[in-house]
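# Breakdown of the fold
Spelled out, the chains give:
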Amino acid sequence: FFFSLKAFSFLVDCSLQTKSVFELYHFDFIDNKRRKVIIMSSTTRCIFDSNIINEETLPEMSNLALSVFASLCGRNRGAFVLDPPDGQTYGCLNLPTSWSEASGITDGIVIQNSDNITKTYAAGNITATQVLNLLDFMNDAVYGSSANVQHDPYACNVNGLTTLDCTLPKSTLSGLKSVTLDGVLSPAPWGMSPPLTSTDFDEMQELGLTTIQIPISQNSMESKQAEIEEILGMAKDAGMTVILQQIPSAMKANKHNDDDIVEVVEVELVDSLTQLALQYTDTVVAISILSSEDIDTVRAAAPDLPMLVSIDAGDLSTLDFSDYSNVYASLEVNHAHVIADIASSTSVEDRSKLFYHESTSCILRSPIEFSQCVHQTPIFISGGFDLSIDDCLFQDTSDFSDYGQCDRFDETVDSPWWHEHRQSFMSRQLFAFEQAQVGWSFSAWKTSSKSSRSISEPSHLLGLAHVAAAGLYPVSNLTGACLNPPPPDFTLGDETLSPTPGPPPDCGNGWWNFTTNECSYWIPPPVPTCAPAPESSGTSPMVAGLVGAAVMGVVVFCTMVYGMGYSRRRISG
């Protein structure tokens, strides 16, 4: 860092190395602005996404500690160092004191730990720009202290708030918003979907979709050629593009079939899809194949046809299609796969399961950007994008394991809690998948012919038409979807605690009258004083007692004689 004082402006110039650029950050603390000058290319760097977290949105963050520090402070056993080393090891409990001055913080304020950042900002003693500068320093140090960042798809991950800064690879396909026509040509887990009509394509366009993905097996290719061509014609008429997706044939799932025969069938399907794509060049924008071994088969017939090659999350760290042009990765995500994803046997567990999936959705941008930056391979999200968090579609099959996860679906149908959190789940997934350079495809269009404004059965969670009818798509504020974590209100759900009275208004010298709902005032009378004692007569207590007894005797005597009718004569006789 180089410090200079000039024209009443305190400036700090920071040289920061990145893959796409060698950046010069210039902080001007007079007008509290950060400026970046690009001067040359270098290595990948993880930075906060300024489209999400910036001077305008920082005040909207409900919990900076949970959104940022929980992730950064949990890395590398909580320790990080500076580059070059300064003989110290730091952490969130002891930040480098030089960061305060370098961030433009003056008036003797020194930020010593992450908690100081939150409290000092809340007190109004540092600005949003200064907080962002401190977060930049902390994120740089943590990422720079992490091992194998060039091989870890999740190395640049702060709950979806950070991004890998790089130059994206060239791609002829970008920004596709697609829906997969699962169940249209062959049975899906819910059975067959309703037949497509031109109205369906009109509805897709109204939702902003640009593309359809048609799953095709060898069986479909042989027996439903007319239906496939009809769908292609409707897509063309609607101005939508098409991806032809290879899916395994039924015989591939049968372990008793000869592997060589199966391989021949799959190669034939790839060749058939290629020829179909060449026949509909004005509509088909790509074919999706199951194996990279078939790339050469496609290239032999169609040198320039874009290809999507199926991969899973485990392939991301070793992915390499650099020897081919117009070849992209087709990634299927899955949030209803392992026991931790699906198991629940109470209403609270059902809600906490959705809360878990909400909380982890934003980080899915990390492996997507890792592939595109580090391996220079654009990504297409080809499957698994839906709102299902269980495997209840398979509960009638022999492979289904019952953990109690499907017993309370009716509780979710008209629940405001489930509607709100499903909407959050949709927004967070969509934000992450929008980072995929090629685009994304929702799992299905319609899973039944029911027209309902609520998710009334499990399969509806996979159908974009049903999701949209329920008001869960499109998403209004996509940029802010990951700014804050979801509210942890899964314990009560739609129930609420009994209300308790709040403190009454301050009435000054009066008090709040709960009967009249207004302040009452009362001026108390003077404090009473004792009456003056009579002056002493000088008579002793004994004499006064004898006199009093005598008087009492006379009173009793008179009462008996005159009040009760006794005569003197009878008394004397």
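Here the residue numbering is sequential within each chain, running from 1 through the sequence in written order. The predicted nature of this model means local features are confined to residues of pLDDT at least 70 and side-chain atom pairs, given and counted, to a pLDDT of 80 or more, with totals for whole chains, interfaces and linings taken over all residues. Excluding hydrogens and water, the side-chain values take into account all heavy atoms of the structure.

### Some words on the overall build of the protein
- Numbered from the N terminus, helices here are DSSP runs of H or I no shorter than four residues, and strands are runs of E no shorter than two. Scanning the protein from N- to C-terminus turns up 16 helices and 18 strands.
- Burial classes: relative accessible area under 20% of the type maximum marks a residue as buried, over 50% as exposed, and values in between as partly exposed (1.4 Å probe, protein chains only). Burial analysis of the protein (573 residues in total) assigns 46% to the buried set.
- Here, two residues are considered to be in contact whenever any of their heavy atoms come within 4.5 Å of each other. For the protein, restricting intrachain contacts to residue pairs at least 6 apart in sequence, the fraction spanning at least 24 positions comes to 66%.

### A word on helix α3 (residues 114-122)
- Among the residues of α3, those classed as buried are Ser114, Ile117 and Thr120. The buried residues of α3 occupy an angular sector of 130 degrees when the element is viewed end-on, so they sit on one face. Away from the buried face of α3 by more than 90 degrees, exposed residues Lys119 and Ala122 are located.
- For α3, the elements touching its buried residues are α1 (64-72) and α4 (128-145).
- The opening residue of α3, the one whose side-chain oxygen lies 3.1 Å from the backbone nitrogen of aspartate 115, is asparagine 113.
- Of the residues flanking the end of α3, it is glycine 124, one or two places downstream, whose phi is positive at about 80 degrees. In this description, one arc is meant: the one made by directions from the helix axis to the C-beta atoms. As used in this structure description, the phrase polar contact means that two N or O atoms lie within 3.5 Å; if the pair is within protein, one of them must be able to donate a hydrogen and the other to accept it, and residues adjacent in sequence are counted only when both atoms belong to side chains.

### Remarks on the nonpolar core
- Membership of the largest hydrophobic core comes to 78 residues, with the highest contact counts inside it found for Ile212 and Leu244.
- Sort the elements by how many residues they give to this core and helix α13 (residues 416-433) lands first, with seven residues.
- Ignoring any residue separated from it by four or fewer positions in sequence, one finds isoleucine 212 in contact with Ser178, Val179, Leu181, Phe201, Met204, Ile231, Ala235, Met240, Thr241, Val242 and Ile243.
- Here, the term nonpolar core denotes a set of buried Ala, Val, Leu, Ile, Met, Phe, Trp, Tyr and Cys residues that are joined through side-chain atoms within 4.5 Å. The next biggest cluster of nonpolar side chains, apart from the first, holds 35 residues, and it includes Ile105, Val158, Phe431 and Cys482.

### Topic: the pattern of salt bridges
- The term salt bridge refers to a side-chain nitrogen of Lys or Arg lying within 4 Å of a carboxyl oxygen of Asp or Glu. A complete count under the given rule lists 10 salt bridges for this structure.
- Notably, a salt bridge pairs aspartate 140 with arginine 45, separated by 2.8 Å at the nearest N-O pair. Here aspartate 140, found in helix α4, pairs with arginine 45, found in strand β5 (residues 45-48); they are 95 residues apart in sequence, far enough to count as distant. Comparing aspartate 140 with arginine 45 shows no difference in burial state: the two are buried.
- Bridged by salt links that share partners, the residues Asp49, Arg365 and Glu369 form one connected network.

### Quick word on the state of the cysteines
- Cysteine sulfur atoms that pair up within 2.5 Å are treated as a disulfide. Applying the stated criterion to the full structure yields six disulfides.
- Here cysteine 362 pairs with cysteine 482 through a disulfide, and the sulfurs are 1.9 Å apart. Given an S-S torsion of about -90 degrees, the disulfide between cysteine 362 and cysteine 482 has left-handed geometry. Here the residue cysteine 362 occupies a position in the loop between α11 (347-361) and α12 (365-374), and cysteine 482 occupies one in the loop between α14 (464-469) and β17 (511-513), the gap between them amounting to 120 residues.
- For cysteine 362, a relative accessible area of 3% gives the class buried.
- The disulfide that involves cysteine 507 links it to cysteine 519, with 2.0 Å between the sulfurs.

### Thoughts on the side chain of serine 415
- Looking at where serine 415 falls in the secondary structure, it is placed in the loop between β15 (379-385) and α13.
- For serine 415, a relative accessible area of 6% translates into the label buried.
- A distance of 3.2 Å separates a polar side-chain atom of serine 415 from the backbone nitrogen of tryptophan 418.
- Polar side-chain contacts of serine 415 include one of 2.5 Å to the side chain of aspartate 494.

### Notes on the confidence of the model for the protein
- Put simply, the protein has an average pLDDT of 86, and 81% of its residues get 70 or more.
- The low-confidence segment residues 1-42 (pLDDT under 50) makes 114 contacts with residues lying over four places distant or belonging to another chain.
- Predicted confidence is poor over residues 566-573, with pLDDT under 50, and the contacts of this stretch with residues over four places away or in other chains come to five contacts. Here pLDDT means the predictor's own confidence in every residue, given as a number from 0 to 100.

### Side note on the packing of α11 against α13
- Contact geometry of α11 with α13 gives a least axis separation of 8 Å together with a crossing angle of 25 degrees. With respect to α13, the axis of α11 lies roughly parallel. Regarding α11 and α13, the two cross each other, and that crossing is left-handed. Here Asp350, Arg351, Leu354, His357, Glu358 and Ser361 of α11 lie close against α13, whose contacting residues are Trp417, Trp418, His421, Arg422, Ser424, Phe425, Arg428, Gln429 and Ala432.
- Under this grouping Gly is polar, as are all residues other than the nonpolar Ala, Val, Leu, Ile, Met, Phe, Trp, Tyr, Cys and Pro and the charged Asp, Glu, Lys and Arg. Taken together, the residues of the contact of α11 with α13 break down into five nonpolar, five polar and five charged. Only C-alpha atoms enter the line fits that serve as axes; for helices the fit covers just the stretch in contact. Angles between N-to-C directions range over 0 to 180 degrees. Roughly parallel covers angles under 35 degrees, roughly antiparallel covers those over 145, roughly perpendicular covers 65 to 115, and oblique covers all other angles. Should the near helix be turned counterclockwise from the far one by less than a right angle, the crossing is left-handed, whereas a clockwise turn marks it as right-handed.

### Some remarks on the sheet that holds strand β12 (residues 284-289)
- When DSSP finds two or more bridges between a pair of strands, those strands are recorded as paired. Taken together, eight strands build a closed barrel; the order of strands is β9-β10-β11-β12-β13-β14-β15-β16 and the barrel is parallel. Each adjacent strand pair in this sheet contributes to an overall mean axis angle of 25 degrees, direction not counted.

### Notes on the side chain of aspartate 390
- Topologically, aspartate 390 is positioned in the loop between β15 and α13.
- In this count, Lys and Arg are taken as positive residues and Asp and Glu as negative ones, while His and the chain termini are left out. One buried charged residue, aspartate 390, forms no salt bridge at all, with the nearest opposite charge on lysine 353 at 4.8 Å.
- Separated by 3.2 Å, the side chain of aspartate 390 and the backbone nitrogen of cysteine 392 make a polar contact.
- Here aspartate 390 is in contact with Ala336, Ile342, Lys353 and Gln405, once residues within four sequence places are set aside.

### A look at the pairing of strand β9 (residues 176-180)
- Taking burial as the measure, the five residues of β9 include four buried ones, the bulk of the element.
- Both β9 and strand β16 (residues 439-442) contribute to a ladder of four bridges, which runs parallel. What sits directly across from valine 179, in β16, is phenylalanine 442.
- Pairing analysis gives three bridges linking β9 to strand β10 (residues 211-216), with the strands arranged parallel. The residue bridging valine 179 from the neighbouring strand is isoleucine 212, located in β10.

### Comments concerning unusual backbone geometry
- Cis geometry marks the peptide bond from aspartate 83 to proline 84, where omega comes out at 0 degrees.
- Along the chain, the position of proline 84 falls in the loop between β6 (79-80) and β7 (90-91).
- Cis geometry is adopted by the peptide bond preceding proline 474, which originates at tyrosine 473 and carries an omega value of 5 degrees.
- Within the secondary structure, proline 474 is located in the loop between α14 and β17.
- Positive phi values are uncommon outside glycine, yet arginine 77 reaches one of about 55 degrees.
- Structurally, arginine 77 can be placed in the loop between α1 and β6.
- Assessed through its relative accessible area of 78%, arginine 77 is described here as exposed.
- One non-glycine residue with positive phi stands out, namely glutamine 376, at about 55 degrees.
- Position of glutamine 376 among the secondary structure elements: in the loop between α12 and β15.
- Owing to a relative accessible area of 35%, glutamine 376 belongs among the partly exposed residues under this scheme.

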